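# Descriptive structure summary
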Amino acid sequence: MGQEFNPKIITFACNWCSYAAADLAGVSRVQYPPSMKIIRVMCSGGINPNYILKAFERGADGVLVSG
Amino acid sequence: MSKETLAFYEEPRIGVFVCDCGSNIAGHLDCSQVAEYAETLPHVVYVKENLYTCSESGIVEIQKGIKDHNLNRVVVASCSPRTHHPLFSSSCAEAGLNPYLFEMVNIRDQCSWVHMGKRDNATHKAKELVRMGVAKSAGLEPQEEIESSLIRKILVIGGGVAGMSAAQALAGMNLEVILVEKSSQYGGLLRQVNTLDTGEDALESVQALAGEISTQEHIKGYLSSEVRDVSGYIGNYDVRINTPDGEVADKVGCIVVATGAVSLIPEGLFEYDGKQVVSMMELEQQLKHNDLSAKRVVFIQCAGARNEQREYCSRICCMMAVKNAMLIKEKYPLTDVQVLYRDMQMYGTHKEQMLWNARGMGVRFHVYDPADPPRVAGGNVSFYQSVTNEEVSLETDLTVLSTPLVPRSDAGTIANMLRVPTDQNGFFLEAHAKLRPLDFAADGIFVCGSGRYPATSVEAKTQGIGVASRVAAILFKDKLVKSAIVAKIHPESCVGCMACLSMCPYEAISYNPELRVCEINEILCKGCGNCAATCPSHSAELKGYKAEQLLAQIGAL
Ligand SMILES: Cc1cc2nc3c(=O)[nH]c(=O)nc-3n(C[C@H](O)[C@H](O)[C@H](O)COP(=O)(O)OP(=O)(O)OC[C@H]3O[C@@H](n4cnc5c(N)ncnc54)[C@H](O)[C@@H]3O)c2cc1C
Ligand code: SF4
Ligand code: SF4
Ligand code: SF4
């Protein structure tokens, strides 16, 4: 039996909406897998495609852009 | 910033402060392990675990760390930067560290609180987040806050009760006001209204206010005038006004929109003819001139409102109908008054009481069904009364249509000129209905009165005074200080393609045809970074979020 697949997910979250929503998830104690990490940006429109490629290069299984 | 100061920052000396947040963080992950791990990271020279980093003793620890260990970067791993970044960065500044060399890692809201009962995993994630934050912080650069001057003068557009109240309150604080009114007199809609619901004479009340305005030395009023052009930004707007004596140019620091609304003319509704079937405003005129001869009056509420074309409730027309029904009963007690309504919008204790009083005076109220609205024919209004399940027919001499306030036809032109939004109905749209009800999203521009949404005169006045305090909070500062997190364009590499210009949502970028490059207005820039993500030559960058800094953070994944 192989190991359970725990995808590494990187989220780029807009400071004004999604990042705030992630904080709200915390305040509400919503539980999600620890393999997901959030990087704060000031606007999802400011995400350079290189950031996404870099995340994959560093071993991310999925990249979420949220804004 | 001088070369020597910059040199100090070149070799990073990073201090990391790991917060337990009582048991909020330490209860769900191992903060001591995270702190131990932080010590092993590149450039980290000092690490401290605190029970509460945001407490006074926690802040002192950071400031002491900066001094004792000559730190030139500080990372706090704790709660959310959305709430605590300002506190920590300003504490760094107090200890002499440029506040832009502070970085925050969120190990509470986005780690300990969301991975409860998974202590090892949460500890591991916290270490990774700290590693990423430290990597980003090493590349941070000191920034200087942006300062700009403020002109202590305000342009108020519209001289109704809202605009006059704002102007009066501002002038009362010794601020200079330019009041621009399109018509030849101040007072707005209330000039045509008969008696207010408070019993005051509407015209007299606005004339009293207009009298005070005209003797106020801080208010320069322009009647029969319109604002032609506005450019600039908060603190420094250039405005041009068309007046009967020619064009006037001036500079102001803030702008207030108080252009009001108009009463819908019920063309084509309920057999409106302006004689037997009139609008509420026409009834106000008849009452004013004492020429009401009707012995039987029927009001129809929501005439032209709350339908497919105009979904909103105008809020004030129910109060107007009750007010006038009572006035008729007072003056002509034998006149029969009936009100056909869908819902009576009588909010607040004063209006609620009015409704009771009207019932006591013999005004009769009947609900009608919007799917089967009243029919007006000749001297007769018929409708289906659901309570009794009957068709009711009322003989009438005068039918009064309660029509809503609607946006002015030129509201869109003003909105375009000031680059502020309107809602689906055409009223000006505030930045946030609950949190910033009198502000536009654009800094320095405010809205009050019926132009924002139908309001009573008391509400319009209150909003006008409210706007004055919003404006004063800005203009009484010595200067405008703004976060340095704005974009910058490197003119050496910019090719002037203007890709950034079209992407900027805040119109902060302009093209300089002489240098053939794009330039950023730092006051208008909101730091979204859209330009940086778009620029093909990587000439545009967002300070504090430069590609190198973000890539370092991602690289430390
Ligand atoms: C029939 C009727 C009865 C009413 N009865 C009552 C009542 O009993 N009690 C009560 O509290 N309220 C009553 N109201 C509501 C009252 O009229 C409003 O609350 C009030 O007019 C709102 O004031 P305002 O300053 O926001 O807008 P307005 O009164 O509409 O004033 C706006 C002003 O801006 C000017 N303007 C517009 N566009 C421009 C421009 N582009 N440039 C320069 N100037 C411009 C207009 O000429 C006008 O003078 C009644 C309204 C109606 C229609
Ligand atoms: S205030 Fe009354 S009459 Fe006016 S739209 Fe609302 S419910 Fe209809
Ligand atoms: S960062 Fe955003 S607001 Fe600032 S200039 Fe660039 S696109 Fe415009
Ligand atoms: S997108 Fe880049 S190269 Fe093009 S004008 Fe803007 S800053 Fe200059």
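Predicted model only: the values in this text are computed from it and were never measured. (Residues numbered from 1 in each chain as written. Chains lettered and ligands numbered in written order. Predicted model: local features only at pLDDT ≥ 70, side-chain atom pairs only at ≥ 80, totals over all residues. Heavy atoms only, no water.)

### Brief notes about the interface of chain A and chain B
Applicable threshold: Contacts are assigned to residue pairs that have any heavy atoms within 4.5 Å of one another. Buried area: the accessible surface (1.4 Å probe) lost by two parts on joining, summed over both. By salt bridge we mean one thing: a side-chain nitrogen of Lys or Arg within 4 Å of a carboxyl oxygen of Asp or Glu. By the criteria applied, helices consist of DSSP H or I runs no shorter than four residues and strands consist of E runs no shorter than two, each listed in order from the N terminus. By the convention adopted, Pro, Cys, Tyr, Trp, Phe, Met, Ile, Leu, Val and Ala count as nonpolar, Lys, Arg, Asp and Glu as charged, and the other residues, Gly among them, as polar.
Counting from both sides, the interface comprises 34 residues of chain A and, opposite them, 35 residues of chain B. Sorting the residues of chain A by area buried against chain B places Pro-34, Lys-37 and Tyr-51 of chain A first, and these three jointly supply 19% of that buried surface. Glu-128 of chain B is the salt-bridge partner of Lys-37 of chain A, the closest N and O atoms lying 2.7 Å from each other. Elements with a minimum of two residues in the side of chain A that touches chain B: strand E1 (9-14), helix H1 (18-27), strand E2 (36-41) and helix H2 (49-57) of chain A. For the side of chain A that touches chain B, the leading source of residues is H1 of chain A, giving seven residues. Considering only residue class, the side of chain A that touches chain B consists of 21 nonpolar, seven polar and six charged.

### Here we look at the layout of surface pockets
Just so we agree on the cut-off: Think of a 1 Å grid over the protein atoms and nothing else: a 1.4 Å probe that fits but is trapped marks a cavity, an open set flanked by protein within 12 Å on at least five of seven lines marks a pocket, and residues with an atom within 4 Å of a point count as lining. Grid points are joined across faces, edges and corners, and a volume is the space filled by probe spheres set on the points.
A volume near 970 Å³ is recorded for the second largest pocket. Of all elements in the fold, only helix H7 (161-172), strand E9 (226-233), strand E13 (261-263), helix H9 (280-288), helix H10 (317-331), helix H12 (411-418) and helix H13 (457-475) of chain B reach the threshold of two or more residues within the lining of the second largest pocket.

### Structural notes on the site of ligand 3
Put simply, the test is: Whether a residue is near a molecule or strand depends on its heavy atoms: it is near if one of them lies within 4 Å of it.
Taken together, 13 residues lie around ligand 3, and Cys-504, Cys-525, Cys-528, Gly-529 and Cys-531 of chain B are the ones closest in. Here the shell around ligand 3 is composed, by residue class, of nine nonpolar, three polar and one charged.

### Remarks on the sheet that holds strand E10 (residues 236-243) of chain B
Residues and elements named next belong to chain B. Defined as follows: Here the rule is simple: two strands pair whenever DSSP picks up at least two bridges between them. For helices, the fitted axis covers only the stretch in contact; all axes are lines through C-alpha atoms, and the angles between them, taken along N-to-C directions, range from 0 to 180 degrees.
Taken together, three strands build an open sheet; the order of strands is E9-E10-E11 and the sheet is antiparallel. Every interior strand has two partners, whereas the edge strands, E9 and strand E11 (246-252), have only one. This sheet shows a mean twist of 15° between the axes of neighbouring strands, independent of strand direction. Of the strand pairs in this sheet, E10 and E11 are connected by seven bridges, and their pairing is antiparallel. Counted as the bridge partner of Ile-241 is Val-248 from E11.

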